[in-house]
Amino acid sequence: MKFTLQCAAGHEFEAWFRSNEDYETQTKRGLVECAHCGSSRVGKALMAPSIATGRAKDDRKQAVIQAVADAARTEYIERIRQMTAELKSGATDVGERFPEEARKIHYGERDAEAIYGKADRDEVEALLDEGIALLPLPDFPDDLN
């Protein structure tokens, strides 16, 4: 806790204490001295009250909301990352051949298996138009390095 203190000579200075009890104990034992003249006759100075304004309260509220949103976003991204890793662990990476391989599986030209790879927006739309089920998986920035 920070207190503004004043000595018997009228000098004001600030001091930090773990608690009000620590301040009281140290003052009674003469351990608190004026930073200007060294007097141990000190006491708390009168301080203007700290009044929370609506804006300060709104700022604190927004900070809490932002912190909760950041934590939720981090947790959400981690869950998606885990799900993506799990899906990929049981599948074959066919890379740029994804549209071709997905069609082969759909039309029975090859054995059905879980695959993943790359496809641009037009290729994805064409696959969906053909009734081929797929699930876009995100690329995470860390994975691209």
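Procedures and definitions
- Residues numbered from 1 in each chain as written.
- Predicted model: local features only at pLDDT ≥ 70, side-chain atom pairs only at ≥ 80, totals over all residues.
- Heavy atoms only, no water.
- Salt bridge = Lys/Arg side-chain N within 4 Å of Asp/Glu carboxyl O.
- Helix = DSSP H or I, 4+ residues; strand = E, 2+ residues; numbered from the N terminus.
- 1 Å grid on protein atoms, 1.4 Å probe; cavity = no way out; pocket = protein on both sides within 12 Å on 5 of 7 lines; lining within 4 Å.
- Points joined across faces, edges and corners; volume = space filled by probe spheres on them.
- Buried < 20%, exposed > 50% of the residue type's maximum accessible area, 1.4 Å probe, protein only.
- Contact = heavy atoms within 4.5 Å.
- Axes fitted to C-alpha atoms, helices over the stretch in contact; angles between N-to-C directions.
- Parallel < 35°, antiparallel > 145°, perpendicular 65-115°, else oblique.
- Nonpolar A, V, L, I, M, F, W, Y, C, P; charged D, E, K, R; others polar.
- Patch = residues over 30% accessible without salt bridge, like charges linked within 9 Å, V, L, I, M, F, W, Y side chains within 5 Å.
- Areas by Shrake-Rupley, 256 points an atom, 1.4 Å probe, with all protein chains shown as cover.
- Lys, Arg positive; Asp, Glu negative; His and termini not counted.
- Charge placed at Lys NZ, Arg CZ, Asp CG, Glu CD.

Chemist: What exactly am I supposed to notice about the pattern of salt bridges here?
Modeler: When the charged atoms of two side chains lie near each other, side chains of opposite charge can form a pair. Enumeration according to the criterion identifies 12 salt bridges in this entry. Where K104 meets E101, a salt bridge forms, and the shortest distance between an N and an O atom there is 3.7 Å. Of this pair, K104 and E101 both sit in helix α3 (residues 98-106), separated by three residues, roughly a single helical turn. Put simply, R97, E100, E101, K104, R110 and E113 are held in one network by salt bridges that share partners.

Chemist: What is the right way to look at the layout of surface pockets in this model?
Modeler: Empty space among the atoms can be located by rolling a probe the size of a water molecule over them. Considering only enclosed or pocket space, the largest pocket measures out at about 700 Å³ in volume. Lining the largest pocket are 28 residues, with F98, Y116, G117, L135 and L137 sitting closest to its centre. Secondary-structure elements contributing two or more residues to the lining of the largest pocket are α2 (54-89), β4 (92-95), α3 and β5 (115-117). For the lining of the largest pocket, the element with the most residues is α3, which contributes four residues.

Chemist: So what exactly am I meant to see when it comes to the environment of T27 here?
Modeler: Among the structural elements, T27 can be located in helix α1 (residues 20-28). Given a relative accessible area of 19%, T27 falls into the buried group. Linking T27 and Y116, residues 89 residues apart in sequence, is a C-alpha distance of 72 Å. Excluding its chain neighbours within four sequence positions, the residues that come into contact with T27 are V32 and V42.

Chemist: Just checking my understanding: could you explain the packing of α3 against helix α4 (residues 121-129) for this structure?
Modeler: Axes are the key here: two packed helices are described by the angle between their axes and the distance separating the axes. Between α3 and α4, whose axes approach to 10 Å, the crossing angle comes to 10°. Judged by the angle between their axes, α3 and α4 are roughly parallel. From α3, F98, P99, A102 and R103 reach across to α4, where they touch E123, A126 and L127. Looking at side-chain class alone, the contact of α3 with α4 contains five nonpolar, no polar and two charged residues.

Chemist: What is the right way to read a negative patch on the surface from this model?
Modeler: A surface patch of negative charge is lined by E96, D120, D122, E123, E125 and D129. Tracing the backbone through its elements, the reader meets D120 in the loop between β5 and α4. Since its relative accessible area comes to 42%, D120 is described here as partly exposed.

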